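Structural overview for review
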Amino acid sequence: MPAAGSEGEEGLAGEQPGPGTPKLCGYLQKLSGKGPLRGFRSRWFVFDPRRCYLYYFKGPQEPLPLGHLDIASACFSYHQPEAGAAAAGDELTAFEVHSPGGAVTVLKAATRQDTTYWLQELQQKRWEHCHSLDSRTSPTPGDFSKGLVAKDNPDLSILSQNASAERARNILAVETSPTDLVGEQAASQPAPVQGSAINFSLKQWSTEIKNSMSSLRKGSNDNRRSVFYTTEEWELLDPTPKDLEDSMALEEKRKNLAEGSKARRPLKDMIGSSKNRSSSDSSPTEWCSGNGNRLVSELQLKYQSQQEELEKLKKDLLSQKELVRLLQQTVRSSQYDKYFASHLCEGVPKDTLELLHQKDDQILGLNNQLEKLNLEKDSLQQEVKNLKCKVGELNERLGMLMETIQAKDEVIMKLSRQLSECEDSTSSQSGAINSPTATCTNKELQELDRLKDNLQGYKTQNKFLNKEILELSTLRRNAEAREREWQAKYTSLEAKLCQIESKYLILLQEMKTPVCSEDQSPAREVITQLLEDALKAEPNEQPEQAFFKPHLVSEYDIYGFQTIPEDDDEEKLVAKSRALDLRSLSLSENREISTGVKWENYLASTMNREMMRCVELKNLIRCGIPHEHRSKMWKWCVNLHVKKFKDSAVPGYFQILLQKALEKPNPASKQIELDLLRTLPNNKHYSSPTSEGIQKLRNVLLAFSWRNPDIGYCQGLNRLVAIALLYLEQEDAFWCLVTIVEVFMPRDYYTKTLLGSQVDQRVFKDLLSEKLPRLHAHFEQYKVDYTLITFNWFLVVFVDSVVSDILFKIWDSFLYEGPKVIFRFALALFKYKEEEILKLQDSMSIFKYLRYFTRTILDARKLTAIAFGDLNPFPLRQIRNRRAYHLDKVRLELTELEAIREDFLRERDTCVEKRDLISDDEEDS
């Protein structure tokens, strides 16, 4: 057995690629709207490298984009605003994106530095996209850093780039770095506010309403409780006239105090608030005219009336609260009097009762005085706060005045020095130069500095525009060359299509009028030739032709699985047809909005906070985790389920188990070694003894056999670990196996008796009869035991049962939601092909079809919609109850089988004729 330990781990870690390039995302201002509503609005932009689209959202938390810009076919330039239409400096921070068809989108960054960075990055993304072989290929594995899949090199052919153009691009490049408003960290910051624009869009209401509704559904109903809600129940009584007079007096005093505090409001606050109102109202009036002015004035009047109404309602609310408090006091005293009169008056003299009443009245009076004093104390505290605010303001003004005086003193001293210098210079010169000339010189110097800054800015713009012209010229030449090659390719494909159509016409003619002779007919020759052409290996092409060759079917898929077998020609033909169908599906899915953008947006929004379970994340995972994020999300899901196990384990727990397994022999080691090369022979990571995945697979299985000696090793665990290792490192794959065996699945699922697996097959039978009654009756009619097929689905979670794209989407949901996903997809597979199965009318054809029908299902989106939509409701409690019910029955059956076995062994030992009969297990031992 090859040694494994810390050295091997370090060697593999050294081969890991570095962290992925940062995602291009951040805040930009987008010019939109018409007429008086036209202005810049803050939007969150995310670049999608798969389609070379720049999506924009209302905010980082929004799930649906408002639109997108096609960067692959766009060109960029600086924005030149109309005279008087923009503030100074906009021409240096705004830029234009010219899309095909003449559409121009104006974007503006917060600073000139951000503008340069966005233009450079968008230019670079366009250059990379246009020089890639196929913009629809999956992302390169450099974006993620875990698992065996991460070490694959993408089979991409890149167009040879012009060396002179590359050198010119590097010379003209402007080095700049972004600010905090660019990058994933910007998602945690508030959007920059543009004061002169109204932040809403009439065209995008439908999308914004959808986003708002998705966030409103997450709210709770806790705030629907009334502010007058109390836990005690009071009897409603009419207040006495005295209480009413006291409440009215308190209300009058409260009003006077409120008016007094309002009258004593600091003058600076009032001036500040009026300035704020005027400044907030002046921004829209700068660009409004005519109807716009009337609209603003009407809005101001409406706002003021609503403010007055709000103040009036607040006053009414306070008075009502005070009245409720007085009523509660009255009720308390009335109940107290009632209780006192009913229970304490018997046998008590009248003098004592009168004395008690007087004391009670005194207590009430003291309570009222206490409340009045509390009100006075509150008013005095408010006055103290106002005085403290005044003192703070006066201190600030005093500090400002002191700073002003100090600055003036410095100016006076500077001017004095200049005066003395001027006097000294006049003594040596004729006296023509005087102080006005010095002032003019200072102005000229300031003007010179300003011109230098503008010159530097224009130089930067000139560099970028020259680079833009160079890139557009290069891209145009490349596009023309690509078009000529495509035209030649189209001509050759058209000729080949005509040949194939001719052969098919000959074949159809021969099939219509067959030749009845023993000699080989022309139809057989045509069929043989067509099959040979379909399976013929494509010849190597010249490097200049490789860019234009569509790699529809490669030898291995992105997960390392072999797409076309090597031995059987018939299997080759079916596999190639299936691979072409998968390619067609992937191409059609890429035409729609990529789910990768939603994942990028969600992960950016969770950058500065811990990822938590939520409905949005569950829906994203059900749609499938993107290839580049699967390693991160699988590790997060595993840690979510085994956190309690990892917290209780000692540091380096996996390495300790692995070292123990390598030093001491283990009963499971022999069977593990036998199964290593039989795990996934059609995957290049496990195809030979020297494959990298074989050693990792051995280490994880041996470590688990020492952690869980009750199970040790069971056939099926090797496939679970092999799938996990494609995206996880050894230790994470070990904890993934712990999650499946010890958290998800019931006990005895992978033991020698496979008790839990047998129970799940009976539960699945019940669910099939409930969800798909026609199909269940069809199986019962022809006595087809479909559990012989589905048993392996549950044991290894569909490994080697479905195509790889569907397999990994099932595993995405399985690692997040648990074993209920297996029941969902098992039923969905049968429902997907229900009509085809019902057409079969004998048990042999049904069973033969069930053995391979899952490999013919290619549409993952349709299968997912059936599993999580058509099969609802799907309560987990129902599965648990049926598991408990069938567990008792299976245990009873196993007990009976064990009793029969013991009787047989006893009879065999006593009977001479049966002593030669031994079982397979005894023969192996």
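Residues numbered from 1 in each chain as written. Predicted model: local features only at pLDDT ≥ 70, side-chain atom pairs only at ≥ 80, totals over all residues. Heavy atoms only, no water.

The helix and strand inventory of the protein stands at 32 helices and 7 strands. A burial count over the protein gives 35% of its 925 residues as buried. Long-range contacts, defined here as pairs at least 24 residues apart, represent 72% of the contacts in the protein between residues at least 6 apart. Carbon and sulfur atoms provide 54% of the accessible area of the protein, an area that totals close to 56600 Å². (Helix = DSSP H or I, 4+ residues; strand = E, 2+ residues; numbered from the N terminus. Buried < 20%, exposed > 50% of the residue type's maximum accessible area, 1.4 Å probe, protein only. Contact = heavy atoms within 4.5 Å. Areas by Shrake-Rupley, 256 points an atom, 1.4 Å probe, with all protein chains shown as cover.)

A few words now on helix H24 (residues 773–781). Taken as a whole, H24 has its buried residues at Leu 775, His 776, His 778 and Phe 779. Along the axis of H24, the buried residues cluster in a sector spanning 160°; they form a single face. Just downstream of H24 lies Lys 783, where phi reads positive at about 55°. (Arc of directions from axis to C-beta.)

Spatial ordering of the open sheet is given by E4-E3-E2-E1-E7-E6-E5, a layout of 7 strands whose pairing is antiparallel. Taken across any chain shown, the strands that pair with only one partner, and hence form the sheet edges, are strand E4 (67–70) and strand E5 (75–78). Strand-to-strand twist in this sheet, taken as the mean axis angle between neighbours without regard to direction, amounts to 35°. Of the strand pairs in this sheet, strand E1 (residues 25–32) and strand E7 (residues 104–108) are connected by 2 bridges, and their pairing is antiparallel. Paired with Gln 29 across the strands is Lys 108, a residue of E7. Of the strands in this sheet, E1, strand E2 (39–48), strand E3 (53–57), E5 and strand E6 (94–98) touch helix H3 (residues 112–130), which is tilted by about 165° from E5. On the sheet, helix H14 (residues 595–605) packs against E2 and E3 and is oriented at approximately 110° with respect to E2. (Pairing = 2+ DSSP bridges. Axes fitted to C-alpha atoms, helices over the stretch in contact; angles between N-to-C directions.)

Considering the arrangement of structural elements, one finds His 627 in the loop between helix H15 (615–623) and helix H16 (630–641). Look at His 627 and you get buried, because its relative accessible area is 10%.

The next thing to look at is the pattern of salt bridges. Taken as a whole and judged by the stated rule, the model has 20 salt bridges. For Lys 635, the salt bridge identified is with Asp 732, shortest N-O distance 3.9 Å. Note that Lys 635 is positioned in helix H16 and Asp 732 in helix H22 (residues 730–744), a separation of 97 residues in sequence. Residue Lys 635 is classed as partly exposed on the basis of its relative accessible area of 31%. Classification of Asp 732 by relative accessible area gives buried; the value is 11%. (Salt bridge = Lys/Arg side-chain N within 4 Å of Asp/Glu carboxyl O.)

The next point concerns the packing of helix H20 (residues 692–707) against H22. With their axes 10 Å apart at the nearest point, H20 and H22 run at an angle of 45° to one another. Here H20 lies oblique to H22, going by the angle between them. Crossing hand, H20 versus H22: right-handed. Note on element contacts: H22 touches H20 through Gln 730, Ala 733, Phe 734, Trp 735, Leu 737, Val 738, Val 741 and Glu 742, opposite Lys 696, Asn 699, Val 700, Ala 703, Phe 704 and Arg 707. Residue composition of the contact of H20 with H22, grouped by class: 9 nonpolar, 2 polar and 3 charged. (Parallel < 35°, antiparallel > 145°, perpendicular 65-115°, else oblique. Left-handed = near helix turned anticlockwise from the far one by under 90°. Nonpolar A, V, L, I, M, F, W, Y, C, P; charged D, E, K, R; others polar.)

Right, let's get into the pairing of E2. Counting buried residues along E2, 10 of its 10 residues qualify, which places the element largely inside the surrounding structure. Relative to E2, E1 runs antiparallel, the two being bridged by 8 bridges. Within the sheet, the bridge partner assigned to Leu 28 lies in E2 and is Arg 43. Between E1 and E2, which follow one another and run antiparallel, lie 6 residues, and Gly 33 among them has a positive phi close to 95°. Two elements, E2 and E3, share 5 bridges in a ladder whose sense is antiparallel.

This next bit is on the environment of Phe 464. As for its position among the elements, Phe 464 is in helix H10 (residues 435–512). We classify Phe 464 as buried; its relative accessible area is 4%. The spacing of Phe 464 and Ser 77 is 387 residues in sequence and 8.6 Å in space, taken between C-alpha atoms.

Ranked by size, the top nonpolar core spans 118 residues in total, and within it Leu 717, Tyr 750, Phe 798 and Phe 830 carry the most contacts. Ranked by residue count, the leading element in this core is helix H27 (residues 820–832), at 10 residues. Excluding residues that lie within four positions of it along the chain, Leu 717 makes contacts with Leu 701, Phe 704, Ile 711, Leu 737, Val 741 and Tyr 750. Counting 23 residues, the second-largest nonpolar core is a separate cluster that includes Leu 66, Phe 76, Leu 107 and Leu 122. (Core = buried A, V, L, I, M, F, W, Y, C linked by side-chain atoms within 4.5 Å.)

With that out of the way, let us pick up the confidence of the model for the protein. For the protein, per-residue confidence averages 76 on the pLDDT scale, and 68% of positions sit at 70 or higher. Summarising per-element confidence for the protein, the mean pLDDT is lowest in helix H1 (residues 6–14) (34) and highest in helix H21 (residues 717–725) (96). A low-confidence stretch, residues 1–19 stays under pLDDT 50, and its non-local contacts, those more than four residues away or across chains, total 25 contacts. Between residues 84–89, whose pLDDT stays under 50, and residues either more than four places distant or in other chains, the model counts 1 contact. (pLDDT = per-residue confidence, 0-100.)

Another aspect to go through is H14. Within H14, 9 of the 11 residues are buried, leaving the element largely enclosed by the surrounding structure. Residues of H14 that are buried include every one of Gly 596, Val 597, Trp 599, Glu 600, Asn 601, Tyr 602, Leu 603, Ala 604 and Ser 605, and no others. Of the surrounding elements, those touching the buried residues of H14 are E2, E3, H15 and H16.

Further remarks concern the packing of aromatic side chains. Following the criterion strictly, the structure yields 30 aromatic pairs and no others. Through pairs of rings, three or more aromatic residues link up here, namely Phe 764, Phe 779, Tyr 786, Trp 793, Phe 794, Phe 798, Phe 823, Phe 830, Tyr 849, Tyr 852 and Phe 853. Over the aromatic face of Phe 40 sits the side chain of Lys 108, whose NZ or CZ is 4.3 Å from the ring centroid. The positively charged end of Arg 613 is found above the aromatic ring belonging to Tyr 816, 4.8 Å away from the centroid. (Phe/Tyr/Trp six-rings, centres within 6.5 Å; stacked < 30°, edge-to-face > 60°. Lys NZ or Arg CZ within 6 Å of the ring centre and 35° of its normal.)

Inspection of the secondary structure puts His 629 in the loop between H15 and H16. In terms of polar contacts, His 629 uses its side chain to reach the side chain of Glu 600, at 3.2 Å. Beyond its immediate chain neighbours, meaning those up to four positions away, His 629 contacts Trp 599, Glu 600 and Leu 603. (Polar contact = N/O pair within 3.5 Å; in protein donor to acceptor, adjacent residues only side chain to side chain.)

Bringing the packing of helix H18 (residues 653–663) against H22 into the picture now. Their axes nearest at 10 Å, the elements H18 and H22 cross at an angle of 90°. Overall, the two elements H18 and H22 adopt an arrangement that is roughly perpendicular. Contacts between H18 and H22 involve Tyr 653, Phe 654 and Leu 657 on the former and, on the latter, Gln 730, Glu 731, Phe 734 and Trp 735. Tallied by class, the residues present in the contact of H18 with H22 amount to 5 nonpolar, 1 polar and 1 charged.

Judged by side-chain polarity, Leu 398, Met 402 and Ile 405 come together as a nonpolar surface patch covering roughly 300 Å² of accessible area. For Met 402, the location among the structural elements is in helix H9 (residues 350–428). (Patch = residues over 30% accessible without salt bridge, like charges linked within 9 Å, V, L, I, M, F, W, Y side chains within 5 Å.)

Another point: unusual backbone geometry. Cis geometry marks the peptide bond from Asn 872 to Pro 873, where omega comes out at 0°. Along the chain, the position of Pro 873 falls in the loop between helix H30 (860–870) and helix H31 (876–910). Not every positive phi belongs to a glycine, and Lys 783 is a case in point at roughly 55°. Residue placement: Lys 783 occurs in the loop between H24 and helix H25 (787–796).

What follows covers the environment of Arg 861. Mapping Arg 861 onto the fold places it in helix H30. Residue classification places Arg 861 among the partly exposed residues on the basis of a relative accessible area of 43%. Sequence separation between Arg 861 and Lys 809 is 52 residues; the distance between their C-alpha atoms is 9.7 Å.

With 4 of its 5 residues buried, E6 lies for the most part within the structure. Of the strand pairs in this sheet, E5 and E6 are connected by 4 bridges, and their pairing is antiparallel. Paired with Phe 76 across the strands is Val 97, a residue of E6. With 5 bridges joining them, E6 and E7 adopt antiparallel strand pairing. By the bridge assignment, His 98 is partnered in E7 with Val 104. Hairpin remark: E6 followed by E7, antiparallel, with 5 residues in the connecting loop; positive phi at Gly 101, about 95°.

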